[in-house]
Amino acid sequence: MLRSVSKIKNLKFKVVEQFRGLRTNIEFSSLGYEVKSIVVTSSKPFEGKSTIVSNLAVTMTSSGKRVVIVDCNFRRPTIHTMFSLSNSKGLTNILLQGRKIEDTVIKTCIPNLYVIPSGPLNPNSSELLGSIKMKEILNELTNDFDMVLIDAPSVLYISDAQILSALAQGTIIVTAYGKLDKNELLSSKEKIENVGGKILGVVINKIPNINNSNHGDCYKQKIEK
């Protein structure tokens, strides 16, 4: 899976097919309406959600969609490092300084893929993400792009992911194989649903490949209506 932009072209065929399957399942999970904004979160840190959102974005662009990733993890931003971008300006500049989106969004080396980094860190993340300005930003992005993917912090420890789930049209929860705790997963699901968020499904990440002695990273997805 993609961990840096230099490894994009080296994805194994099996992994690419799995992300295509995830993309297809997302499309079919939203029959009756078009999902254009998705929050990707996890129960705990370090379950690989930033890797999942980056690879999913690349896969979606391969079908001709214009995709933007918005890094809303103000405490531990990662997306800019995935694509070797600067984080000197980003979402916090839009929210706090009134910068225009078009002056902040960055075109990556992947055709049709754009990134809005988190920008300079700010400790008042919940207040910023829950602001009217944030809602206006997401509305503008869903008008300008075919898909908005939001990299959110883990849902169990801070309220940021809940706030974003209430604004977006769908939420995916990422959990790591071998670290999956049923009670934590159910608690994450409950927190998102309590604010009116729509859960599209759960992605199980870092499943070892039993057919390969090297046990490379893999994942399976389960999308529930």
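Preceding block: the structure.
Residues numbered from 1 in each chain as written. Predicted model: local features only at pLDDT ≥ 70, side-chain atom pairs only at ≥ 80, totals over all residues. Heavy atoms only, no water.

A. Representation of the overall build of the chain. Helices and strands together make up the secondary structure of the chain, namely 8 helices and 8 strands. The buried share of the chain, reckoned over its 225 residues, is 52%. Long-range pairs, those at least 24 residues apart, make up 76% of the contacts in the chain with a sequence separation of at least 6. When the accessible surface of the chain is totalled, it reaches about 10,600 Å², and 50% of it is carbon and sulfur. (Helix = DSSP H or I, 4+ residues; strand = E, 2+ residues; numbered from the N terminus. Buried < 20%, exposed > 50% of the residue type's maximum accessible area, 1.4 Å probe, protein only. Contact = heavy atoms within 4.5 Å. Areas by Shrake-Rupley, 256 points an atom, 1.4 Å probe, with all protein chains shown as cover.)

B. Main features of the pattern of salt bridges. Under the counting rule described, the total for this entry stands at 4 salt bridges. Between Asp-160 and Arg-75 there is a salt bridge; the shortest N-O distance is 3.2 Å. Linking Asp-160 in helix H7 (residues 160-167) with Arg-75 in the loop between strand S2 (67-71) and helix H3 (79-82), this pair joins segments that are 85 residues apart in sequence. Of the residues examined, Arg-75 reaches a relative accessible area of 46% and is grouped as partly exposed. (Salt bridge = Lys/Arg side-chain N within 4 Å of Asp/Glu carboxyl O.)

C. Local environment of the environment of Val-155. Counting through the fold element by element, Val-155 comes out in the loop between strand S5 (147-151) and H7. Residue contacts for Val-155: discarding those within four places in its chain leaves Thr-41, Ser-42, Ser-43, Ala-161, Gln-162, Ser-188, Lys-191 and Ile-192.

D. A look at the side chain of Asn-93. Its location among the elements puts Asn-93 in helix H4 (residues 91-97). When neighbours within four sequence positions are excluded, Asn-93 is seen to be in contact with Ser-88, Gly-98, Arg-99, Gly-119 and Pro-120.

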